[in-house]
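Listed here are the chains, written in short residue letters.
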Amino acid sequence: ADVQQLAAFIADKKLPAVFVESSVPPRAIEAVQAAVKARGFEVAIGGELYSDAMGGPDSAAGTYTGMVRHNIDTIVKGLKDFWMKSEQYYMHTDPGNEVLATTTFSGRHGNAPWIKGTVMPVVWKRKYGKSRVFYTSLGHVNDDFEVPEALEIVKRGMLWAAGERVVPEYHT
């Protein structure tokens, strides 16, 4: 019954990908994919997450820090590049920030041709002591959230910053 409920949810929401916890048996994942396909839809596996198990000892997720970094990257994993028309900001940023998304200035706005081609972070994250910092310039106006990828990045980033489990709701 659980497999059928999950398959119905995936098919109804038209989720193109799901992220799977590393301890879930492959047979269970295949059963979900088959149940989704029986509903006339296909779902891909977007990646593997670690929660109560780390990756192999020789893998990037083989340490606690590596496991956390691997899982944190779900903020943007599974999202394709997307186009947005929103205000751009030119700012100084810390090279220690982990940049998740960028914008490239055209030089046509603000009478600033010298900025053409400048790549500027629009989404980044970092740890500061025991705190987590997530920044995005997306969402300057409500219409920005009509772009599902922008809304999803904000949701995932807020979950990460709060120390909560990041559960992707939207995939492109």
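Values in this document were obtained by computation on a predicted structure and should not be read as measured data.

Our next topic: the overall build of the protein chain. Counting its regular elements, the protein chain contains 4 helices and 5 strands. Along the protein chain, from the amino end to the carboxyl end, the secondary structure elements read α-β-α-β-α-β-β-β-α. Across the protein chain, every contact between residues at least 6 apart in sequence was considered, and the portion connecting residues at least 24 apart equals 57%. By element, 54% of the accessible surface of the protein chain is carried by carbon and sulfur atoms, the whole surface being about 11,000 Å².

Grouped together as the largest cluster of nonpolar side chains are 12 residues: Ala7, Ile10, Ala11, Leu15, Val18, Val20, Ile29, Val32, Ala35, Val36, Phe41 and Val43. With 4 residues, the single largest contributor to this core is helix α2 (residues 26-38).

The strand order across the open sheet built from 3 strands is β3-β4-β5, with neighbouring strands paired in antiparallel fashion. Each of the sheet's edge strands pairs with one partner strand only, and the pair in question is β3 (98-104) and β5 (131-136). Shown here is a sheet whose adjacent strand axes are inclined to one another by a mean of 15°, direction ignored. Note: strand β4 (residues 119-128) against β5, 6 bridges, orientation antiparallel. Bridge pairing links valine 123 to threonine 136 in β5. Most of the contacts of helix α4 (residues 148-161) go to β5, to which it runs at about 165°, and overall it touches β4 and β5.

If you walk through the whole model with that rule in mind, you get 1 aromatic pair. With a centroid separation of 5.5 Å and 25° between ring planes, the pair formed by tryptophan 124 and tyrosine 135 is classed as stacked. Residue tryptophan 124 is located in strand β4, and its partner tyrosine 135 is located in strand β5; the two are separated by 11 residues in the primary sequence. When the ring centre of tryptophan 160 is taken as reference, the NZ or CZ atom of lysine 125 above it lies at 5.5 Å.

For the rest of this paragraph, the subject is the pairing of β4. As judged from the 6 bridges shared by β3 and β4, these two strands associate in the antiparallel manner. Each bridged residue has a counterpart across the sheet, and for alanine 101 the counterpart in β4 is valine 123. Once β4 ends, the chain turns through 2 residues before running back antiparallel as β5, passing glycine 129 with a positive phi of about 65°.

Under the defined criterion, the tally for this structure stands at 3 salt bridges. With its nearest N and O atoms 3.3 Å apart, the salt bridge here joins aspartate 94 to arginine 126. Linking aspartate 94 in the loop between α3 (64-72) and β3 with arginine 126 in strand β4, this pair joins segments that are 32 residues apart in sequence. According to the relative accessible area criterion, aspartate 94 is partly exposed, its value standing at 40%. With a relative accessible area of 24%, arginine 126 lands in the partly exposed category. Here glutamate 98 and lysine 125 are joined by a salt bridge, their closest N and O atoms 3.8 Å apart. In this pair, glutamate 98 is assigned in strand β3 and lysine 125 in strand β4, connecting sequence segments 27 residues apart. For glutamate 98, a relative accessible area of 22% translates into the label partly exposed. A residue is classified by how much of its surface remains accessible, and lysine 125, at 3% relative accessible area, is buried.

Further remarks concern the environment of glycine 107. Checked against the element boundaries, glycine 107 lands in the loop between β3 and β4. Overall, the relative accessible area of 14% leaves glycine 107 in the buried class. Once you skip the residues sitting within four places of it in the chain, glycine 107 turns out to touch Ala112, Pro113, Ile115 and Lys116.

Rules of the game
Residues numbered from 1 in each chain as written. Predicted model: local features only at pLDDT ≥ 70, side-chain atom pairs only at ≥ 80, totals over all residues. Heavy atoms only, no water. Helix = DSSP H or I, 4+ residues; strand = E, 2+ residues; numbered from the N terminus. Contact = heavy atoms within 4.5 Å. Areas by Shrake-Rupley, 256 points an atom, 1.4 Å probe, with all protein chains shown as cover. Core = buried A, V, L, I, M, F, W, Y, C linked by side-chain atoms within 4.5 Å. Buried < 20%, exposed > 50% of the residue type's maximum accessible area, 1.4 Å probe, protein only. Pairing = 2+ DSSP bridges. Axes fitted to C-alpha atoms, helices over the stretch in contact; angles between N-to-C directions. Phe/Tyr/Trp six-rings, centres within 6.5 Å; stacked < 30°, edge-to-face > 60°. Lys NZ or Arg CZ within 6 Å of the ring centre and 35° of its normal. Salt bridge = Lys/Arg side-chain N within 4 Å of Asp/Glu carboxyl O.

Just distances and angles here, no functional claims.
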